[in-house]
Amino acid sequence: MPNFRDLLSATKAEIREVDTATADDQRRRPGTVVLDVREPDEYEQGAIPGAVHIPRGTLESSVENRIPDKAATVLVHCASGVRSAFAAKTLGDLGYTDVVSVTGGFNKWKDEGRDWSAPRKLTPDQRNRYQRHLLLPEVDVEGQLKLLDAKVLLLGAGGLGSPAALYLAAAGVGTLGIVDMDVVDESNLQRQILHNLDRLGERKVDSAKKTLTALNPDVNVVTHDVRLGADNVMGILGGYDVVVDGTDNFPVRYLVNDASLKLGIPVVHGSIFRFEGQATVFKPHDGPCYRCLLPEPPPAELAPSCAEAGVLGVLPGIIGSLQAIEAIKLILGVGDDLSGRLLAYDSMDQTFRTFKVRRDPECPACSIDPERLVIAEYDGLCMPHPLAPPPAG
């Protein structure tokens, strides 16, 4: 009957090993993955920057989701080189073709003064709250920390802003800014689910803050109880990572488009009309902008407001949720966002259709140097403003 030493020797005979110096050199090569198979408490005390952490006990069930490329170079390490040897053997059995175990492990790495740091971690309460996110390899701890660090600005605490804000708060987006200068009215409650009967007459931003902080105390809700205009749009949008646009008038949409182009902040756009809605993403200078999609607004009689034409109450819940998903994808850098595509939803037919939106090479907003864009109020025609003079030199 073989003992532990026999088993370890047999395992090491079947794998390749490298010392810490070689591993330090190899980890800097493009496509190389450093895999840390220590226990969570060990990992939290210090780790190699950029390492993928999968405890040895869950390696077989987790690694194919976390490291999908089986041809990638994988440097496996533990504390001393024992668990990593068994892990390297397991990876080979699973079809990984370029795996090595680091002899001496993290202990030797640290003793030699090589690069390491104490990784940021979630609190026990946060691990419990975001557990379903942590099970997703596209999110995991690193992604959840990105969400907690992110700042998203919601334009409007109404029909679209309500579901978007609720799901972004639930997802753990650390800072949510909300722009709205209205008060809660009973007619809002058919679709604006941030608010309730007890909040009638209250400022919408204050009502929204109460709802969101009660849902998730991790979230810092910043209220902007102002009319968004040319005098404040740059100052309000600046500092946010993503803008979720739930505005319902064309002059403000064009104004936000100009500001986002100057600031380089992506906008997740949504709009609703009666039984239909649409959503898209505008990434400054990396796809079409709002003026590419709509060079000028339609006549007023063809685009009445919800107050004039009505809207199915549940419709903004669908479009606002799509906006929240797109914002999260932008923060995490995962998936294919809706830049260059317009997703149209018809609730009567229960159909989704996608239309390509191409960037206009002659667009008066996104085809020019953003420094020349003039931030000014738009009238009902929303015609482009004259450009500022080109920068000197």
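Residues numbered from 1 in each chain as written. Predicted model: local features only at pLDDT ≥ 70, side-chain atom pairs only at ≥ 80, totals over all residues. Heavy atoms only, no water.

A. Expanded view of the overall build of the chain. Assigned secondary structure in the chain consists of 16 helices and 13 strands. Dimensions of the chain along its principal axes, counting C-alpha atoms only, are 85 × 60 × 40 Å. When the accessible surface of the chain is totalled, it reaches about 19100 Å², and 52% of it is carbon and sulfur. Charged side chains in the chain number 41 positive and 54 negative. The centres of these two groups are separated by 4 Å. (Helix = DSSP H or I, 4+ residues; strand = E, 2+ residues; numbered from the N terminus. Areas by Shrake-Rupley, 256 points an atom, 1.4 Å probe, with all protein chains shown as cover. Lys, Arg positive; Asp, Glu negative; His and termini not counted. Charge placed at Lys NZ, Arg CZ, Asp CG, Glu CD.)

B. Region of the structure containing the pairing of strand β13 (residues 351-356). Taken together, the six bridges between strand β12 (residues 341-346) and β13 define a ladder with antiparallel strand orientation. Its bridge partner lying in β13, arginine 341 is registered against lysine 356. Counted between consecutive antiparallel strands, the loop separating β12 from β13 contains four residues, among which glutamine 350 sits at a positive phi close to 55°. (Pairing = 2+ DSSP bridges.)

C. Spatial organisation of the environment of alanine 344. With respect to the helices and strands, alanine 344 occurs in strand β12. The buried category is assigned to alanine 344, whose relative accessible area is 15%. For the pair alanine 344 and threonine 354, spaced 10 residues apart in sequence, the C-alpha separation works out to 6.2 Å. Sequence-distant contacts of alanine 344, that is, excluding residues within four places in its chain, are made with Gly277, Gln278, Thr351, Phe352, Arg353 and Phe355. (Buried < 20%, exposed > 50% of the residue type's maximum accessible area, 1.4 Å probe, protein only. Contact = heavy atoms within 4.5 Å.)

D. The packing of helix α10 (residues 161-171) against helix α16 (residues 315-332), seen in detail. α16 packs onto α10 with a crossing angle of 40° between their chain directions and a minimal axis gap of 7 Å. Accordingly, the angle class assigned to the pair α10 and α16 is oblique. Both α10 and α16 take part in a crossing whose hand is right-handed. Two secondary-structure elements touch here, α10 through Pro163, Ala164, Tyr167, Leu168 and Ala171 and α16 through Pro316, Gly317, Gly320, Ser321, Ala324, Ala327 and Ile328. (Axes fitted to C-alpha atoms, helices over the stretch in contact; angles between N-to-C directions. Parallel < 35°, antiparallel > 145°, perpendicular 65-115°, else oblique. Left-handed = near helix turned anticlockwise from the far one by under 90°.)

E. The nonpolar core, seen in detail. Leu168, Leu176 and Leu212 are the most contacted members of the largest nonpolar core, which has 40 residues in total. Broken down by element, this core gets its largest block of residues, eight residues, from α16. Other than its neighbours up to four places away in sequence, leucine 168 contacts Val152, Leu154, Val173, Leu176, Val244, Ala324, Ala327 and Ile328. (Core = buried A, V, L, I, M, F, W, Y, C linked by side-chain atoms within 4.5 Å.)

F. Representation of the pattern of salt bridges within the structure. Counting across every chain of the model gives 24 salt bridges. Of the charged contacts, one joins aspartate 24 and arginine 28 as a salt bridge, the two residues approaching to 3.0 Å between their closest N and O atoms. Take arginine 28: its relative accessible area is 56%, and that puts it in the exposed class. The closest approach of N and O atoms between glutamate 60 and arginine 56, which form a salt bridge, is 3.1 Å. Bridged by salt links that share partners, the residues Asp24, Arg27, Arg28, Glu112, Arg114 and Asp115 form one connected network. (Salt bridge = Lys/Arg side-chain N within 4 Å of Asp/Glu carboxyl O.)

G. Expanded view of the sheet that holds strand β5 (residues 98-102). If you trace the five strands from one edge of the open sheet to the other, you get β1-β5-β4-β2-β3, paired in parallel fashion. On the outer flanks of this sheet lie β1 (16-18) and β3 (52-53), each paired with one strand and no other. Across four bridges, the pairing between strand β2 (residues 33-36) and strand β4 (residues 73-77) is parallel. The partner of aspartate 36 across the bridge, within β4, is histidine 77. Contacts from helix α5 (residues 83-93) reach β2, β4 and β5, with the element oriented near 170° to β5.

H. Representation of the state of the cysteines in the model. In total, this model carries zero disulfides according to the counting rule given. Considering cysteine sulfurs only, cysteine 289 is the nearest to cysteine 363, which forms no disulfide, with 3.6 Å between them. (Disulfide = S-S within 2.5 Å.)

I. View of the sheet that holds β13. With respect to topology, eight strands assemble into an open sheet ordered β8-β7-β6-β9-β10-β11-β12-β13, the strand pairing being mixed. For this open sheet the edge positions go to β8 (220-224) and β13, each flanked by a neighbour on one side alone. Ignoring which end each strand starts from, the neighbouring axes of this sheet average 15° apart. Bridge count between strand β7 (residues 175-179) and β8: five bridges; the pairing is parallel. Bridged to leucine 176 within β8 is valine 221. The strands touched by α16 are β6 (151-155), β9 (242-245), β10 (267-273), β11 (276-282), β12 and β13; relative to β10, the strand with the most contacts, the crossing angle is about 170°.

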